[in-house]
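Read off the chains here:
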Amino acid sequence: MLTSIANVMFHLDRNLGPTEKVVLEDCVREDPCVISAHVSPSAPHLMLVAYDPDCTSMRAIHQTLAERGVDAQLVGL
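Since this is a predicted model, take the numbers as computed values, not measurements. (Residues numbered from 1 in each chain as written. Predicted model: local features only at pLDDT ≥ 70, side-chain atom pairs only at ≥ 80, totals over all residues. Heavy atoms only, no water.)

### Remarks on the packing of helix α1 (residues 18–29) against helix α2 (residues 58–67)
Part 1 of the reasoning: Between α1 and α2, the shortest axis-to-axis distance is 10 Å and the interhelical angle comes to 140°. It follows from the interaxial angle that α1 and α2 lie oblique. Note on packing geometry: the crossing formed by α1 with α2 is right-handed. From α1, L24, C27 and V28 reach across to α2, where they touch I61, T64 and L65.
Part 2 of the reasoning: Partitioned by chemical class, the residues of the contact of α1 with α2 number five nonpolar, one polar and no charged. (Axes fitted to C-alpha atoms, helices over the stretch in contact; angles between N-to-C directions. Helix = DSSP H or I, 4+ residues; strand = E, 2+ residues; numbered from the N terminus. Parallel < 35°, antiparallel > 145°, perpendicular 65-115°, else oblique. Left-handed = near helix turned anticlockwise from the far one by under 90°. Contact = heavy atoms within 4.5 Å. Nonpolar A, V, L, I, M, F, W, Y, C, P; charged D, E, K, R; others polar.)

See below:
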């Protein structure tokens, strides 16, 4: 069975500290449809998320970020 994988990049309103980064990545990964969530060490204002588009959406992921108090914008890839 093939699973679709989509990627989305978010520009975060600020650079995250080490603890904030880990907490936010873990929070996004709590969604069972999210495959990975990663804030780049070299660009701590960017988060890349891989997810199954058949069971969640970039809007749902964006909502998770907003619920954590993070202002984020979708970056066109």
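### Quick word on the environment of L48
Part 1 of the reasoning: By secondary structure assignment, the location of L48 is in strand β3 (residues 46–51).
Part 2 of the reasoning: Residue L48 is classed as partly exposed on the basis of its relative accessible area of 36%.
Part 3 of the reasoning: Here the alpha-carbon distance between L48 and S36, two residues 12 residues apart in the chain, equals 8.0 Å.
Part 4 of the reasoning: Ignoring anything within four residues of it in the chain, the contact list for L48 reads N7, V8, M9, S36, A37 and H38. (Buried < 20%, exposed > 50% of the residue type's maximum accessible area, 1.4 Å probe, protein only.)

These figures capture arrangement, not role.
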